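Close look at the chain arrangement
Single-letter residue listing:
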Amino acid sequence: MELVLARLGQIEEQSALFPPLARVPHAGVLLALAVLSTTGLLEEVRRHLPTLPNGLYGKRSIVTTLVVMALLRCKRPEQLKGFRPDSLGAVVGLARAPEMKTLRRKINLLAEDEPRVRQLVLAMAKRHVERVKDATAFLYIDGHVRPYFGKQQLGKTHVTQMRIALPATTDYWVCDATGAPVLVVVSERNSAMTREMPPLLKDVRTVVGPDARPTVVFDRGGFSQKLFKEILAANFDFLTYRKGKQREFPRSEFVDLPIRRAGREVVTKVRDRSIRLANFGLVRCVAVLRPDGKQTHVLTSRKDLTAREVLERMFSRWQQENFFKYLSEQYAFDALWTYAATPADAQRLVPNPLRRDLDRKLAELRRQRALQNAHLGQLVRTKGCPATALGLAKRAVTDVEQTIASLVTRRRSVPTHVAVGALSQRDVLELARAPMLLGDVIKMTAFHIESMLVANIIPHLRRAADEARAVVADLFLLDGAIQPHADHVLVTLDQASAPRYTRALDGLCTMLNEADVAFPATSTRLRFRVASGGRG
């Protein structure tokens, strides 16, 4: 009866149903759904995102389906074709999971109001900070470029991995001291970090509260004396690399200091003094003398940390890079759930391509002039050089210098920047930011759920540092059986691929049972056990 009412639009959505099933593919993902409520995602979605039309699939159904997709490495709605709707529905409490077109339509409805999605991002960030307050004293900030290979005409930006400028969007991520994601924003103009950091810090302040003074850690892309002043004025500290050419310090001033890197201590030559930056003033500089003889300078406003702490915190920035790599490989970080595009600001100023072309021509002409001057000099030094050859060489130098002078004059009249709308006859578009942000929130939540389970399975694994996360991901793929009881639903999971993993799974089931977990947004208690005997 409820299904009929849902199809007729008489109720908000179908209730979570768990009929008895002897064989449920991917039943292991219920381990993750059992702790979804801990993240607060469903509560915040209900609070901040618009209501979906009455029908089979409401907010609970869509959000749990998206989380399950992420955990099962179903990276795009198109890949739902590889799952049976009834089998996937069984683990999300539905008769049938939503299919691709339905899911895309629901995502667009949830993400139709960008400000509300941004509020969801901030609300989830606050919940994460409340769970891991000790890990937010240092916050790592970095940009991530999502290349776009579709048909829309988007603004270009430099993609570091490919070493080329491509149509793309740029996200700026804030991660905690462990490398776990806290907050993300999508840059409206593919702006540099120095421009995006101040508004991003306002969001961070909203998340961490008015009294906290975190240290923001970032790479050379954020090096700017003006930005340093803004960071301090906003009641943050900074930790970053020094950028550009600088005077190297005498090697005699470096002393040996053990630094912990990649899990082991390495004796490093370090110099810890203050330096004076132009347009800023005195700042602490902890310099490292590398084995190749070059120096790396780390700048910070923190004077209370030891040199070892400064360097270890700075070098820990690679945890964020590891997070980017992991999400790219496991969650298809850059995959788009929808292809919705919106008009971009046609008056946005971008570097003038005409001026760039003139710069290239000038560079080539100056290279030619250098070669011709070298040739002329060689002729002058040659005894008995014919006057005709000498005259031709001088004429060639004169001609290229005149061409250079002409281009320099022309270049002065060409503006350095031009409105992006003036560069094309087509409308300038950008990918809708709200669906991307919603996708990021879902993937962040899936990552946090995975991390919670990893933390609880570590005591049961000898090689936890190497395999815990991979083991948890494999547990999600286990088949099982579902048996409803009067006061709970019993999930019996197949044994894992090795006895030690089965023992770890049994320990995880015990922990969840002791925590008295429930299916998200329902009062249905979940109980877990591992099947006896062989797998399947």
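Above this text you will find the structure in question.
In short, a report on the structure. (Residues numbered from 1 in each chain as written. Predicted model: local features only at pLDDT ≥ 70, side-chain atom pairs only at ≥ 80, totals over all residues. Heavy atoms only, no water.)

**Concerning the overall build of the protein chain**
The helix and strand inventory of the protein chain stands at 17 helices and 18 strands. Taken across its 536 residues, the protein chain has 51% of its residues classed as buried. Long-range pairs, those at least 24 residues apart, make up 68% of the contacts in the protein chain with a sequence separation of at least 6. About 26600 Å² of surface is accessible on the protein chain, with carbon and sulfur atoms providing 51% of the total. (Helix = DSSP H or I, 4+ residues; strand = E, 2+ residues; numbered from the N terminus. Buried < 20%, exposed > 50% of the residue type's maximum accessible area, 1.4 Å probe, protein only. Contact = heavy atoms within 4.5 Å. Areas by Shrake-Rupley, 256 points an atom, 1.4 Å probe, with all protein chains shown as cover.)

**Describing the packing of aromatic side chains**
The full count for this structure, using the stated rule, is 11 aromatic pairs. Centroid distance Phe223 to Phe228: 5.4 Å. Interplanar angle 90°. Geometry classified as edge-to-face. You can call Phe223 buried: its relative accessible area is 16%. Judged by centre distance (5.8 Å) and plane angle (80°), the rings of Phe228 and Phe280 are edge-to-face. Taken as a pair, Phe228 in helix α10 (residues 225–233) and Phe280 in the loop between β9 (264–277) and β10 (281–289) lie far apart in primary sequence, 52 residues in all. The class for Phe228 is buried, based on a relative accessible area of 0%. Cation over ring: Arg271 sits above Phe249, and NZ or CZ is 3.7 Å from the ring centre. Over the ring of Tyr326 we find Arg469, and its NZ or CZ is 5.4 Å from the ring centre. (Phe/Tyr/Trp six-rings, centres within 6.5 Å; stacked < 30°, edge-to-face > 60°. Lys NZ or Arg CZ within 6 Å of the ring centre and 35° of its normal.)

**What to know about the packing of helix α8 (residues 114–131) against helix α9 (residues 193–208)**
At a closest axis distance of 8 Å, the pairing of α8 and α9 adopts a crossing angle of 50°. Judged by the angle between their axes, α8 and α9 are oblique. Of the two elements, α8 crosses α9, and the hand of that crossing is right-handed. Between α8 and α9, the residues in contact are Leu122, Ala125, Lys126 and Val129 and Asp203, Thr206 and Val207, respectively. (Axes fitted to C-alpha atoms, helices over the stretch in contact; angles between N-to-C directions. Parallel < 35°, antiparallel > 145°, perpendicular 65-115°, else oblique. Left-handed = near helix turned anticlockwise from the far one by under 90°.)

Geometric values such as these leave the question of function open.
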